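An overview of the molecular structure
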Amino acid sequence: MTPTDAERPHRGTIFEEAARILDHQDAGAGQWILRVQAPECAQRAAPGQFAHIQCSPNLPMRRPLSIQRVDREAGWVEFLYKVVGDGTRALSQQPVGDFLSVLGPIGVPFRLNPERPLRLLLGGGVGIPPMIFLADHLRRQDEAGQTRAILGSEVPFPFRAKPSEILWPGLPDGAIATLPLLEDWGVACRLTSKAGIPGAHDGFVTDLARAWLNTLSPAERDQVELYACGPHPMLEACAELAAEFDLPCQVSLEEFMACAVGGCAGCTVPVRTPDGVAMKRVCVDGPVFTAADVFPEPA
């Protein structure tokens with residue numbers, strides 16, 4: 001069984017590091033890929049966690065960014081973010097070689113259930129990075145062949161898509177575009193968009209997931225667990241999809257944060273617990289929660 005949120009272990013130590021910018025690439029459509037030298041964070045980060053980053057020496061308020069990749073030996077941490085306001089706009093102007101204060105890793109990560117080895121990763125927009133991190137973790141556990149990923153975006157993807165050479169039976173014809181990085185790892189991946197992106201399925205991530213789940217036998221479906229990150233409407237749809245097929249589902253929530261270490265309680269959301277509904281902090285009680293606990297089925 002997937003542990004309830006009340007049963008999840010407490011977070012580990014959070015480190016503050018003066019992180020040197022190693023690479024900072026404009027990925028198009030207001031999206032940026034940032035890589036920093038942050039060895040303490042890199043050594044301890046787990047899929048689903050994030051870091052709280054200083055965007056500029058002139059801005060005291062940090063911004064939470066999901067971790068996309070880490071290299072524990074080299075000591076770097078990578079993020080994908082989108083410019084949406086003054087903070088991320090200032091961050092996009094920081095050059096390679098400069099230093100940023102990074103707090104991390106923060107939060108409860110995804111929990112893998114060995115009884116559900118067929119993992120379906122669903123990422124939308126800036127919810128894609130935790131799915132990449134989780135896919136990387138799984139392939140390092142020699143579980144790439146049991147991992148499936150569906151990634152969606154309504155703006156051009158921050159990578160050059162290509163036709164997949166990994167067969168994925170049960171998907172509609174024409175859904176062939178994939179993320180090259182996951183393809184190289186041996187992870188079956190497909191892209192979705194309503195923006196007419198070539199090779200991407202014309203629909204939402206849940207549409208493509210539902211099409212695949214409908215082709216599975218009951219025994220095969222019993223092996224599946226969903227993992228999702230993205231905007232609130234997408235996560236709500238993922239929770240509904242999980243309930244429709246009676247599947248466990250973990251979601252990583254996106255929420256505005258001030259301190260990101262549990263002190264201000266400004267990122268609280270209602271979460272169902274064994275003792276009733278309680279207000280939980282997304283930063284340290286999450287960001288990963290059991291989907292049914294934050295998106296309960298209508299009475």
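So, here's what we can say about the structure. The model shown is predicted, which means the values in this text are computed figures rather than measured ones. (Residues numbered from 1 in each chain as written. Predicted model: local features only at pLDDT ≥ 70, side-chain atom pairs only at ≥ 80, totals over all residues. Heavy atoms only, no water.)

Turning our eyes to something else, we now look at the sheet that holds strand β7 (residues 118-124). Overall, mixed pairing links the 7 strands, which are arranged β12-β11-β8-β7-β13-β14-β17 in an open sheet. In this open sheet, the two strands that pair with only one neighbour each are β12 (201-202) and β17 (288-290). As defined by bridge partners, β7 adjoins strand β8 (residues 147-152) across 6 bridges and the pair is classed as parallel. Counterpart to L122 in the pairing with β8 is I150. In this fold helix α7 (residues 232-245) packs onto β7, β13 (224-229) and β14 (249-252), with an angle of close to 170° to the strand it touches most, β13. (Pairing = 2+ DSSP bridges. Helix = DSSP H or I, 4+ residues; strand = E, 2+ residues; numbered from the N terminus. Contact = heavy atoms within 4.5 Å. Axes fitted to C-alpha atoms, helices over the stretch in contact; angles between N-to-C directions.)

Attention shifts here to the packing of aromatic side chains. Scanning the model with the defined rule gives 3 aromatic pairs in all. Their ring planes at 35° and their centres at 5.2 Å tell us that F157 and F159 sit as a pair that is tilted. Considered together, F157 and F159 belong to a single accessibility category, that of buried residues. When the ring centre of W168 is taken as reference, the NZ or CZ atom of R148 above it lies at 5.9 Å. (Phe/Tyr/Trp six-rings, centres within 6.5 Å; stacked < 30°, edge-to-face > 60°. Buried < 20%, exposed > 50% of the residue type's maximum accessible area, 1.4 Å probe, protein only. Lys NZ or Arg CZ within 6 Å of the ring centre and 35° of its normal.)

Moving on, we come to the layout of surface pockets. If you roll a probe as big as a water molecule over the atoms, it shows you where there is empty space left. If you add up the space inside the largest pocket, you get close to 1,100 Å³. If you trace the largest pocket, you find 43 residues lining it, with V84, V126, P231, E254 and E255 closest to the centre. For the lining of the largest pocket, the secondary-structure elements that each account for two or more residues are β4 (59-71), β5 (76-82), α2 (86-92), β11 (188-193), α5 (205-213) and α7. Grouping the amino acids of the lining of the largest pocket by side-chain chemistry returns 21 nonpolar, 15 polar and 7 charged. (1 Å grid on protein atoms, 1.4 Å probe; cavity = no way out; pocket = protein on both sides within 12 Å on 5 of 7 lines; lining within 4 Å. Points joined across faces, edges and corners; volume = space filled by probe spheres on them. Nonpolar A, V, L, I, M, F, W, Y, C, P; charged D, E, K, R; others polar.)

Once that is clear, we can look at the sheet that holds strand β2 (residues 31-37). Read around the closed barrel, the 6 strands follow the order β1-β2-β5-β4-β3-β6; overall the barrel is antiparallel. Pairs of neighbouring strands in the sheet enclose a mean axial angle of 45°, with direction left out of account. Relative to strand β6 (residues 99-106), strand β1 (residues 15-28) is paired through 6 bridges, and the arrangement is antiparallel. What sits directly across from R20, in β6, is F99. Docked against the sheet, helix α3 (residues 128-140) engages β4 and β5, running at close to 35° with respect to β4.

Residues in a regular strand project their side chains so that they alternate between the two faces of the sheet. Pairing between strand β15 (residues 268-273) and strand β16 (residues 276-281): 6 bridges, direction antiparallel. Bridging across to β16, T268 finds its partner in R281. Here β15 folds back onto β16 in antiparallel fashion, the turn holding 2 residues.

The next thing to look at is the environment of F79. For F79, the position within the fold is in strand β5. Taking the C-alpha atoms as reference points, F79 and S217, separated by 138 residues in sequence, lie 37 Å from one another. Here F79 is in contact with W32, I33, L34, V36, A51, I53, L65, S66, I67 and Q68, once residues within four sequence places are set aside.

By secondary structure assignment, the location of D136 is in helix α3. Residue D136 is classed as buried on the basis of its relative accessible area of 3%. Residues contacting D136, with those up to four places away along its chain left out, are V70 and W185.

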